[in-house]
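# Understanding the architecture of this molecule
Each chain, letter by letter, is given below.
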Amino acid sequence: MARVSSQELVSRLEKGKLIPALLLLGEEPYLRDACRRMLIEKFVPEASRTWAVSRYSADNGDTQAALEQAQTLPMLAQQQVIFLEDAEAIEKFGEKNRDAAVEQLDAYLGNPAPFTVLVIEATALDQRMKLSKLLTEKTLIVEVGLGDKPEERLGAAAALAKSIAEEEGVEFEKGAAEDLAEFVSADLMRLKTEIEKLSTYVGARKLIRREDVSTMVISEKTTTVWDLAELLVSQQQNKAMEFLNRLLNSGEAPLEMLGAMTWMYRKLMEASELKGVTNGFQAARSLGMRPDQAEIALRSSRKISKGQLLNGLKALQLADDRLKSGGKDPRTVMEFMVAELTAPEARSAGAK
């Protein structure tokens, strides 16, 4: 079948025709989630989604179960959407199990249920394997990646940034979207988060300027605030101070860093409230973060109490007030803040 981009999928869905089977192929979680939402919203009414949307994992051996559900009439809905994630795991099965899974998929795709949209997901597939050849022939392949070349990835991210900004009711001045794409290294989940922050920052102006991006967004090339998270929550004060000074010496703006740290603490609060989540991949969707960063947030949130997080947010707000009031040395303000954030819990709890 055809190979289309995630944006081309939108136009196909607008035509209203049921798509029996798709392959979401690529490593970009933001685009994959966007496609999932579009398919669910298009084919399953909100009231029916508890019964008519199912998720399975090939890595857990769920291929047969997913296909059996795909052939079962959905409850209280005319159509259903079935997700079979981690399809690349099939390629790593032993020969007998691998051939069995491919045969099951081949049989279903040869005669798909008219009331089901089967969505198979994979980050990458070996084109020499039977699975890849089968899915290439019998599914609509939707690319959920940005390309392999850096310039392609940055160009695609910049274009998507403009689209997200439009949804937020703001726009970029010339060159600002490209700057943002480069700052976040084409990480689309972070791109969306930064645009939400920027839209709040620019307020009624409704225009994101290049200087706004420079002010509000910590460059991924320089560092990431999550490198600081574990130092703070484990109260490694000396290492945290050294890290802070490296950032300041490299030219990072204190207010910019402070905004990112405040966002980090809020994400730690969210992570601390997640139930039944054991790893970064599971947490990434709920937190709106990359899996590697979500893993750090999840791990760090287990090392710090909610009281410490709340006191940390107060310390960050106090530092923000001091920086914005002027008259105080920014480095001293930041160092004092890090000292408060890395203080023992008893001291933090008593801080006013």
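For clarity, every value in this text was computed on a predicted model and none was experimentally measured. (Residues numbered from 1 in each chain as written. Predicted model: local features only at pLDDT ≥ 70, side-chain atom pairs only at ≥ 80, totals over all residues. Heavy atoms only, no water.)

### Here's the deal with the packing of helix α14 (residues 280–287) against helix α15 (residues 291–301)
Interaxial distance between α14 and α15 falls to 8 Å at its minimum, and their mutual angle equals 95°. The angle between α14 and α15 places the two elements in the roughly perpendicular class. In this structure, α14 uses G280, F281, A283, A284 and L287 to contact α15, whose residues at the interface are P291, A294, E295, A297 and L298. For the contact of α14 with α15, the class distribution of residues is 8 nonpolar, 1 polar and 1 charged. (Axes fitted to C-alpha atoms, helices over the stretch in contact; angles between N-to-C directions. Helix = DSSP H or I, 4+ residues; strand = E, 2+ residues; numbered from the N terminus. Parallel < 35°, antiparallel > 145°, perpendicular 65-115°, else oblique. Contact = heavy atoms within 4.5 Å. Nonpolar A, V, L, I, M, F, W, Y, C, P; charged D, E, K, R; others polar.)

### Quick look at the pattern of salt bridges
Scanning all chains against the criterion turns up 21 salt bridges. Between K306 and E273 there is a salt bridge; the shortest N-O distance is 3.3 Å. Residue K306 is found in helix α16 (residues 306–325), and its partner E273 is found in the loop between α13 (254–272) and α14; the two are separated by 33 residues along the sequence. (Salt bridge = Lys/Arg side-chain N within 4 Å of Asp/Glu carboxyl O.)

### A short note on a nonpolar patch on the surface
On the surface, W51, M75 and L76 cluster together into a nonpolar patch covering about 360 Å² of accessible area. Here L76 lies in the loop between α4 (63–70) and β4 (80–85). (Patch = residues over 30% accessible without salt bridge, like charges linked within 9 Å, V, L, I, M, F, W, Y side chains within 5 Å. Areas by Shrake-Rupley, 256 points an atom, 1.4 Å probe, with all protein chains shown as cover.)

### Considerations on the side chain of E121
In this structure, E121 sits in strand β5 (residues 116–122). Residue E121 is classed as buried on the basis of its relative accessible area, which comes to 1%. The contact partners of E121, leaving out residues within four places of it in the chain, are L23, L24, R32, R36, F83, L84, E85, D86, A87 and E88. (Buried < 20%, exposed > 50% of the residue type's maximum accessible area, 1.4 Å probe, protein only.)

In short, shape yes, function no, at least from these values alone.
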